[in-house]
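# Tertiary structure, described
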Amino acid sequence: MEVNDKIMYHFHKNGVYDKTWHRGNTIDVDESFEGNLLKITRDFDTNVNGYSFEKYLRIFLNKEYEKGFIDGIIKNYNKRKEYLELLEIARCIIWDMNIFKREMALEEVRKEFFPSLPSRRHSIWVCDDKSIEFWSKRLAPSHITSHKLSLFEVSLTGKLFKSSENLLPGDNLSYEECIDASFDYWNPHDIDDDKAEYLFQGKVKVL
């Protein structure tokens, strides 16, 4: 829908584009705008210390099998700590991989079937006053992300699209299933206003 001077809210990740987010600034959000999701998909890789993670693990495990892999896990605390660190690296890569898979599927469906809707890669994400409480908890710093947040009130003039995080393709889906599930996000029904999310393209005035 088209909006004019509509008051909404944006949770800004401190340390990311801080020079842009300050009171009184105007931001032009169009197809050349580089949103955070564009950066996530563009920068995605599985490298660790100069190796693909698969090769990194293969080298590590080959050495450990020679030394007695199982004994190392049970008896050696320092090795156990190293294994846990590897598992944490693996978890982070899988987390990023799921986002990459989801966003690639969403963009593929949008381009082909809903080209008039704003791309998640070239939009800013906003919420309204009904969903501030939900998103302040949902986006709070955790073991997943350490970013602290600042809440900005903004005035929007341009194209606004309403959907829900609940309609995003799940992490447990194959890419083909993500494609099918993406239709629900771009063509939403019965959205819970307390959990709604919005994509916006146009002029953003930071209030």
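Note that the structure is predicted; figures quoted are calculated from it, not measured.

### Some details on the overall build of the chain
In terms of helices and strands, the chain carries six helices and seven strands. Reading the helices (α) and strands (β) of the chain from amino to carboxyl end gives β-β-α-β-β-α-α-α-β-α-β-α-β. Considering the chain as a whole, with its 207 residues, one finds that 37% of them fall into the buried category. On the chain, roughly 12600 Å² of surface is accessible, and the fraction owed to carbon and sulfur atoms is 52%.

### A look at the pattern of salt bridges
Tallied over the full model, the rule gives 12 salt bridges. Two residues, E34 and R42, come together in a salt bridge whose shortest N-O distance is 3.1 Å. Judged by its relative accessible area of 49%, R42 is partly exposed. Notably, a salt bridge pairs D193 with K130, separated by 3.8 Å at the nearest N-O pair. Here D193, found in the loop between α6 (175–186) and β7 (196–206), pairs with K130, found in the loop between β5 (124–126) and α5 (132–138); they are 63 residues apart in sequence, far enough to count as distant.

About the thresholds
Residues numbered from 1 in each chain as written. Predicted model: local features only at pLDDT ≥ 70, side-chain atom pairs only at ≥ 80, totals over all residues. Heavy atoms only, no water. Helix = DSSP H or I, 4+ residues; strand = E, 2+ residues; numbered from the N terminus. Buried < 20%, exposed > 50% of the residue type's maximum accessible area, 1.4 Å probe, protein only. Areas by Shrake-Rupley, 256 points an atom, 1.4 Å probe, with all protein chains shown as cover. Salt bridge = Lys/Arg side-chain N within 4 Å of Asp/Glu carboxyl O.

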